[in-house]
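One-letter residues, chain by chain:
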Amino acid sequence: RSVNIVAFGNERDGFSEDNQQPSLIWSYLGRSALISQIDSSLSASQVGNPVFTEYQACVFGNVRLVVHDCPVWDIFDSDWYTSCRLIGGADIIVIKYSVNDKTTFQELKDSYVPMVKKALHHCSVPVIISAIGARKNAVPCTCPLCTSDRRSCVTTSEGVQLAKELGATYLELHTLNDFYIQKYFGGVLEYFMIQSLNQKSSEKMKKRKKTQRCHPVQPPQLEQPEKMPILKGEASHYNADLHNLLCCCRCADVAFYPEDFSTAVEAHKIILCSVSHLFMLLFGVKSPSDVHDASTVQLAQNLFAMEAGDPFPLSPCGVPACVPPVRVVVKDSVFCSCLPDILHFIYSGAFQWEQLEEDIKKKLKDPDKTENVLEKVKCILKTPGKLNTVKDCRSHQIKRLYNTSLRLFFNTPVLADVIFKIQGATVPAHRAVLVARCEVMAAMFNGNYLEAKSILVPVYGVSKDTFLSFLEYLYTDSCCPASILQAMSLLVCAEMYQVMRLQHICELYIITQLQSMPSRELASTSLSIVSLLKKAKFHNSDCLSTWLLHFIATNYLIFSQKPEFQELSVEERNFVEMHRWPSNLYLKQLADYRNYIHSQKCHCTVM
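Residues numbered from 1 in each chain as written. Predicted model: local features only at pLDDT ≥ 70, side-chain atom pairs only at ≥ 80, totals over all residues. Heavy atoms only, no water.

A.B. asks: Explain the overall build of the chain to me, please; I cannot follow it from the model alone.
C.D. replies: Scanning the chain from terminus to terminus reveals 27 helices and 14 strands. When burial is assessed residue by residue, the chain has 46% of its 607 residues classed as buried. Taking the contacts inside the chain whose residues are at least 6 apart along the sequence as the reference set, 67% of them involve residues at least 24 apart. (Helix = DSSP H or I, 4+ residues; strand = E, 2+ residues; numbered from the N terminus. Buried < 20%, exposed > 50% of the residue type's maximum accessible area, 1.4 Å probe, protein only. Contact = heavy atoms within 4.5 Å.)

A.B. asks: Please clarify how the packing of helix 19 (residues 464-476) against helix 20 (residues 484-496) should be interpreted in this entry.
C.D. replies: The angle between the axes and the distance between the axes are what describe a pair of packed helices. Close contact between helix 19 and helix 20 brings their axes to 9 Å; oriented N to C, the two are set at 65°. As judged from the angle between their axes, helix 19 and helix 20 are roughly perpendicular. By crossing handedness, the relation of helix 19 to helix 20 is classed as right-handed. In this structure, helix 19 contributes Thr 466, Phe 467, Ser 469 and Phe 470 to the contact, and helix 20 contributes Gln 486, Ser 489, Leu 490, Cys 493 and Ala 494. Grouping the constituent residues of the contact of helix 19 with helix 20 by class yields five nonpolar, four polar and no charged. (Axes fitted to C-alpha atoms, helices over the stretch in contact; angles between N-to-C directions. Parallel < 35°, antiparallel > 145°, perpendicular 65-115°, else oblique. Left-handed = near helix turned anticlockwise from the far one by under 90°. Nonpolar A, V, L, I, M, F, W, Y, C, P; charged D, E, K, R; others polar.)

A.B. asks: Quick question: what am I supposed to make of the sheet that holds strand 13 (residues 425-429) here?
C.D. replies: Across a sheet, strands are paired by hydrogen bonds formed along the backbone, either parallel or antiparallel in direction. The strand order across the open sheet built from three strands is 13-12-14, with neighbouring strands paired in mixed fashion. Looking at which strands have only one partner, the edges of the open sheet turn out to be strand 13 and strand 14 (456-458). Mean inter-strand twist for the sheet, computed between neighbouring axes without regard to direction, equals 30°. (Pairing = 2+ DSSP bridges.)

A.B. asks: How should the side chain of Ser 454 be read in this particular structure?
C.D. replies: Tracing the backbone shows Ser 454 in the loop between helix 18 (439-446) and strand 14. Within the structure, Ser 454 has its side chain in polar contact with the backbone oxygen of Leu 450 (distance 2.8 Å). (Polar contact = N/O pair within 3.5 Å; in protein donor to acceptor, adjacent residues only side chain to side chain.)

A.B. asks: Help me understand the nonpolar core, please; the structure alone is not making it clear to me.
C.D. replies: Side chains of nonpolar character tend, in soluble globular proteins, to be buried together. Judged by nonpolar contacts, the single largest core of 111 residues is most densely connected at Phe 256, Phe 279, Phe 420, Phe 467 and Phe 470. In this structure, Phe 279 is in contact with Phe 256, Leu 272, Cys 273, Phe 304, Ile 346 and Ile 380, ignoring residues within four places of it in sequence. Counting 31 residues, the second largest nonpolar core, distinct from the first, contains Trp 73, Val 113, Val 116 and Tyr 170. (Core = buried A, V, L, I, M, F, W, Y, C linked by side-chain atoms within 4.5 Å.)

A.B. asks: Just checking my understanding: could you explain unusual backbone geometry for this structure?
C.D. replies: Keep in mind that most residues, glycine aside, have a negative phi and that most peptide bonds are trans. Backbone torsion omega between Trp 581 and Pro 582 reads -5°, so that peptide bond is classified as cis. You can see Pro 582 is positioned in the loop between helix 26 (570-579) and helix 27 (584-600). Even without glycine at this site, His 292 takes up a positive phi of about 60°. As for its position among the elements, His 292 is in the loop between helix 10 (288-291) and helix 11 (294-303). Positive phi values are uncommon outside glycine, yet Lys 365 reaches one of about 55°. In this structure, Lys 365 sits in the loop between helix 14 (353-364) and helix 15 (367-381). Accessibility expressed as a relative area gives 70% for Lys 365, which makes it exposed.

A.B. asks: What am I meant to see in the pairing of strand 13 here?
C.D. replies: Strand residues, when the strand is regular, have side chains that alternate between the two faces of the sheet. Counting buried positions along strand 13 yields four of five residues, so the element is predominantly enclosed. Sheet topology places strand 12 (residues 418-422) next to strand 13; five bridges connect them, and they run antiparallel. Residue pairing for strand 13: Phe 420 is matched across the bridge by Val 427.

A.B. asks: Help me understand the sheet that holds strand 11 (residues 326-330) in this model?
C.D. replies: Across the sheet, four strands lie side by side as 9-8-11-10; this open sheet has mixed pairing. Since the sheet does not close on itself, it has two edges, and those belong to strand 9 (265-267) and strand 10 (304-306), each with one partner. Put simply, the sheet's adjacent strands are angled 30° from each other on average, direction ignored. When strand 10 meets strand 11, the two strands line up antiparallel, connected through three bridges. Following the sheet pairing, Ala 305 is matched in strand 11 by Val 329.

A.B. asks: It is not clear to me how the packing of helix 13 (residues 339-347) against helix 14 should be interpreted in this structure. Could you clarify?
C.D. replies: With their axes 10 Å apart at the nearest point, helix 13 and helix 14 run at an angle of 170° to one another. Classified by the interaxial angle, the pair formed by helix 13 and helix 14 is roughly antiparallel. For the pair helix 13 and helix 14, the contacting residues are Asp 341, Ile 342 and Phe 345 in the first and Trp 353, Leu 356, Asp 359 and Lys 363 in the second. Residues belonging to the contact of helix 13 with helix 14 are distributed by class as follows: four nonpolar, no polar and three charged.

A.B. asks: It is not clear to me how the environment of Phe 261 should be interpreted in this structure. Could you clarify?
C.D. replies: Relative to the elements of secondary structure, Phe 261 occurs in the loop between strand 8 (254-257) and strand 9. Put simply, Phe 261 and Val 330 are 69 residues apart on the chain and 9.7 Å apart in space, counted from C-alpha to C-alpha. Phe 261 has contacts with Glu 307, Arg 327 and Val 329, leaving out every residue within four places of it along the chain.

A.B. asks: Whenever I open this one, the pattern of salt bridges confuses me. Can you help?
C.D. replies: Two side chains bearing opposite charge may form a pair once their charged atoms approach each other closely. In this structure the tally under the stated criterion is 17 salt bridges. Two residues, Glu 307 and Arg 327, come together in a salt bridge whose shortest N-O distance is 2.4 Å. Of this pair, Glu 307 sits in the loop between strand 10 and strand 11 while Arg 327 is found in strand 11, placing the two residues 20 residues apart along the sequence. Overall, Arg 327 belongs to the partly exposed group, its relative accessible area being 35%. Residues joined by salt bridges that share partners form a network here, namely Asp 241, Arg 437, Asp 477 and Arg 501. (Salt bridge = Lys/Arg side-chain N within 4 Å of Asp/Glu carboxyl O.)

A.B. asks: Explanation requested: the packing of aromatic side chains in the structure shown.
C.D. replies: Note on aromatic pairs: each is described by the distance of the centres and the angle between the planes. Throughout the structure, instances matching the rule amount to 21 aromatic pairs. Ring geometry for Phe 279 versus Phe 283: centroids 6.2 Å apart, planes at 10°, classification stacked. Side by side, Phe 279 and Phe 283 carry an identical accessibility label, which is buried. Taken together, Phe 256, Phe 279, Phe 283, Phe 304 and Phe 335 form an aromatic cluster joined through their ring pairs. When the ring centre of Tyr 257 is taken as reference, the NZ or CZ atom of Arg 327 above it lies at 5.1 Å. Its guanidinium or amino end placed over the ring of Tyr 473, Arg 437 lies 5.1 Å from that ring's centre, counting from NZ or CZ. (Phe/Tyr/Trp six-rings, centres within 6.5 Å; stacked < 30°, edge-to-face > 60°. Lys NZ or Arg CZ within 6 Å of the ring centre and 35° of its normal.)

A.B. asks: What am I meant to see in helix 26 here?
C.D. replies: In an α-helix, one turn spans 3.6 residues; hence positions three or four apart end up facing the same way. Among all positions in helix 26, only Glu 572, Val 576 and His 579 are buried. Down the axis of helix 26, the smallest arc covering the buried residues is 80°, so these residues share one side. Of the residues in helix 26, the exposed ones pointing more than 90 degrees away from the buried face are Val 570, Glu 571 and Met 578. At its buried positions, helix 26 is contacted by helix 23 (529-538), helix 24 (542-554) and helix 25 (556-559). (Arc of directions from axis to C-beta.)

And the structure:
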């Protein structure tokens, strides 16, 4: 016998400095006289970031108690399947929050309680809502930069209203002492444990009686289908690709020089403009009237100077022809000496701020000069017209603010230096992005190929929409296919240009869509799974083709009735027959059982 408890939420005040406060669940397990043989383990999505802690213990002597304690609600956003599985297997659910953390409570009420209700469906699982802590009567913060009153408390009426929405039992635990833990919270929890055990015993007894009333001859047992292969996604290397572009100096179109022209640092306009309005101003993407920030304009004039030269010749397509890199003079010699480190910072995603600080400190060895350079970097990265948000941020915050935004330049002629011609239409692009993100295009634009010196590049074998989706992935590291067929077309394009991560994303999309398709829809759909299988094999998508074969075998009764089933090769047919579900043996046993029941002229309650 066992009882499963799932606890969600954090009982600690999010703004308190006391991070050593024991959790509610651990306090109960450690203090209750009914609990023995406690064991715990972490289940993590990544090292150092546990999604939940699993406790196992014994209660009431010989009853196995399993507790999953999830301190963060992010599990509903990052892993909906795991959260639903935890709730589906729970006998009791505990929701915890701190009465002094109004922001977290509001997020819980608005975003996560509806998810809990959806996961519960019509299950009659008891829910305990625990409001933890003594309310602090601090004066609310009146700072205009605060988006909400972070010090306001969650009132009792708000907690009771939340409990009514979930049909839950509401408890207020002013402190985690013996009285509140053992007698108050523990008493309610142990009551629900006993109710759960009684209900399970009753259901087991009913099932046993029902089995005894059935005919002595039992129907054959249908085994579960074979587990289909699991396809794992590939980690993103978006920032690494852009950083490698800087290290290799391929397709550079701008060079920075000190005033004596003694050295040169090459870079790419498209990357610099994607993170900074100042560089947009410098390279003519925006005018001073577009920037609306006098400090940005002033810094651009004081820090950089474009070297005068011949205007860029334009190709017939309106794109600048191949020309040497633009020469930019850096007026500040100290800033110029740190420019390689600053460019590495920008090309790495513009979020490793602490590393940049450390590198500049080591190079300059002068606190005043270091501070001056860092202030200029902050001004370069800031959004015009807004406060400098980099000033007091750490790396994880800067990443959200200044991650490379190449989406602004996707499918636009601004700074474009190559044009693809496809199905009678033209699509502008940027060689630097293509070379950084796609090895095939890197070879095409840097090798002894016609495309290396051409502005207009024809594309064959894919549609315009598919190629645009492919380019969008190169620029943004994300894609959202509209259908299974579009995902397959994008997979073919990804295989053509050897972008393996995009190919895996398309494979995962196709698998997810097919898995979510109910049997009735699968039987009536005009989508040919066998055609998908043939395409996956032809384009070297081994993982997808293997999964599709298992999918056909698992849904044998549906696919064997379709004309496309005859298109399977002999080898594929043999595989499907070997792994089919239900098996031939089960169907024969089922037919024999039905014949026996019919011959006895009796009615079986199981069938």
